[in-house]
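Analysis of the macromolecular model
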Amino acid sequence: LDRRQVILGAIDPDHDDDYEYRLPYGDGVSFPVIQSYGSKFSHRGAEYYTVDFGMDVGTPVYAARGGVVVLYEDSHERAECGRLANFVVLLHSDGTTGEYYHLQRGSVVVKLGQRVRRGQLIAHSGNTGYSTVPHLHFGVYRTERDGSTQSLPVRFLTDGGLVETPRTGARYFNPGRR
């Protein structure tokens, strides 16, 4: 199923711009940002405010914000074909969705309708779909009145404080002990 075939979340939701997102990986580890907001390779248009974290296949992926699992795909193996990506979509309390793409086949550990808390394991990273290297593609989206989606800028809480615009090449840690 292609994520763009269904409307998830509220139409034209009011995103909580003050929310401080967790980095979508574990404590004590960091991964390089290989594409950030507006990267020329593929973060344009609806994908403008998304982030790619370079990480090995099989790296645990955690919820950046709590929500309810409204869609996932877990059966694909191939890279370089956009509609064959594995993913998890969480519906947040403000009507936006948190979306995690390029997951490893068979690694999704959540079920449809399950309430997931911030920092809970949801899957493992992979290299499926339109992906040239193993990485996690993360974004928060709103559904527009015409049914299209648009990514939104989010703030990540890191051990160095709030990061409002992740920097390509940078590495960030979640707050806490390393």
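The following paragraphs examine the structure supplied in this document. Being a predicted model, the structure only gives us computed values, none of them experimental.

About the criteria used
Sequence order as written defines residue numbering, which begins from 1 separately in each chain. Residue-level local features of this predicted model are given only where pLDDT is at least 70; pairs of side-chain atoms are given and counted only at 80 or more, and the full residue set underlies all totals for whole chains, interfaces and linings. Water and hydrogen atoms play no part in the side-chain values, which are based on all heavy atoms of the structure. Numbered from the N terminus, helices here are DSSP runs of H or I no shorter than four residues, and strands are runs of E no shorter than two. The buried label applies to any residue whose accessible area, calculated with a 1.4 Å probe on protein chains only, is under 20% of its type's maximum; exposed applies above 50%, and partly exposed to all values in between. The method behind every accessible area is Shrake-Rupley, applied with a 1.4 Å probe, and residues are considered shielded solely by the protein chains displayed. By this definition, two strands are paired if DSSP reports at least two bridges between them. A carboxyl oxygen of Asp or Glu within 4 Å of a side-chain nitrogen of Lys or Arg is what we treat as a salt bridge. Think of a nonpolar core as a cluster: buried Ala, Val, Leu, Ile, Met, Phe, Trp, Tyr and Cys residues, connected wherever their side-chain atoms sit within 4.5 Å. For Phe, Tyr and Trp, rings pair up if their centres lie within 6.5 Å, where Trp contributes its six-membered ring, and each pair is then called stacked (planes under 30 degrees apart), edge-to-face (over 60) or tilted (otherwise). Look at NZ for Lys and CZ for Arg. If either is within 6 Å of the ring centre and within 35 degrees of the ring normal, a charge sits over the ring.

**Some thoughts on the overall build of the protein chain**
- Along the backbone of the protein chain there are 0 helices and 13 strands.
- Its helices and strands taken in sequence order, the protein chain reads β-β-β-β-β-β-β-β-β-β-β-β-β from the N to the C terminus.
- By the burial criterion, 50% of the 178 residues in the protein chain qualify as buried.
- Carbon and sulfur atoms form 47% of the exposed surface of the protein chain, whose accessible area is close to 8,400 Å².

**Concerning the pairing of strand S3 (residues 50-54)**
- The element S3 is largely enclosed, with a buried count of 5 among its 5 residues.
- Alternating positions in S3 separate into two faces, Thr50, Asp52 and Gly54 on one and Val51 and Phe53 on the other, with burial throughout.
- Examined bridge by bridge, strand S2 (residues 33-35) and S3 share 2 bridges and lie antiparallel to one another. The residue of S3 that forms the bridge with Gln35 is Asp52.
- The sheet contact formed by S3 and strand S10 (residues 135-143) spans 5 bridges and is antiparallel. Its bridge partner being in S10, Phe53 is matched across the sheet by Leu136.

**Comments concerning the pattern of salt bridges**
- Scanning the entire structure with this criterion turns up 6 salt bridges.
- Here Arg155 and Glu20 are joined by a salt bridge, their closest N and O atoms 3.6 Å apart. Here Arg155, found in strand S12 (residues 155-158), pairs with Glu20, found in strand S1 (residues 20-21); they are 135 residues apart in sequence, far enough to count as distant.
- The closest approach of N and O atoms between Arg22 and Asp27, which form a salt bridge, is 3.4 Å.

**Quick word on the sheet that holds S12**
- An order of S1-S12-S13 is seen for the 3 strands of this open sheet, with the pairing classed as mixed. The two strands at the open ends of the sheet, each matched to only one other strand, are S1 and strand S13 (161-163).
- Where S1 and S12 come together, 2 bridges link them in parallel fashion. Residue pairing across strands places Glu20 opposite Arg155, the latter belonging to S12.

**A few points about the nonpolar core**
- One finds Phe53, Tyr100, Ile122, Phe138 and Phe156 to be the most contacted residues of the largest nonpolar core, which totals 31 residues.
- Elements with a contribution of two residues or more to this core: S3, strand S6 (87-91), strand S9 (121-124) and S10.
- With 3 residues, S10 is the largest single contributor of residues to this core.
- Core analysis: the second largest hydrophobic core is formed by 6 residues, Leu8, Ala85, Val89 and Tyr101 among them.

**What about the packing of aromatic side chains?**
- One pass over the full model with this rule turns up 9 aromatic pairs.
- With a centroid separation of 6.3 Å and 90 degrees between ring planes, the pair formed by Phe53 and Phe156 is classed as edge-to-face. Taken together, the positions of Phe53 in strand S3 and Phe156 in strand S12 put the pair 103 residues apart, joining distant regions of the chain.
- Taken together through their ring pairs, the aromatic side chains of Tyr25, Phe31, Phe53, Tyr100, Phe138 and Phe156 make up a single cluster.
- Sitting over the ring of Tyr62, Arg22 keeps its end group 5.6 Å from the ring centre.
- Between the NZ or CZ atom of Arg65 and the centre of the ring of Tyr19, over which it lies, the distance is 4.3 Å.

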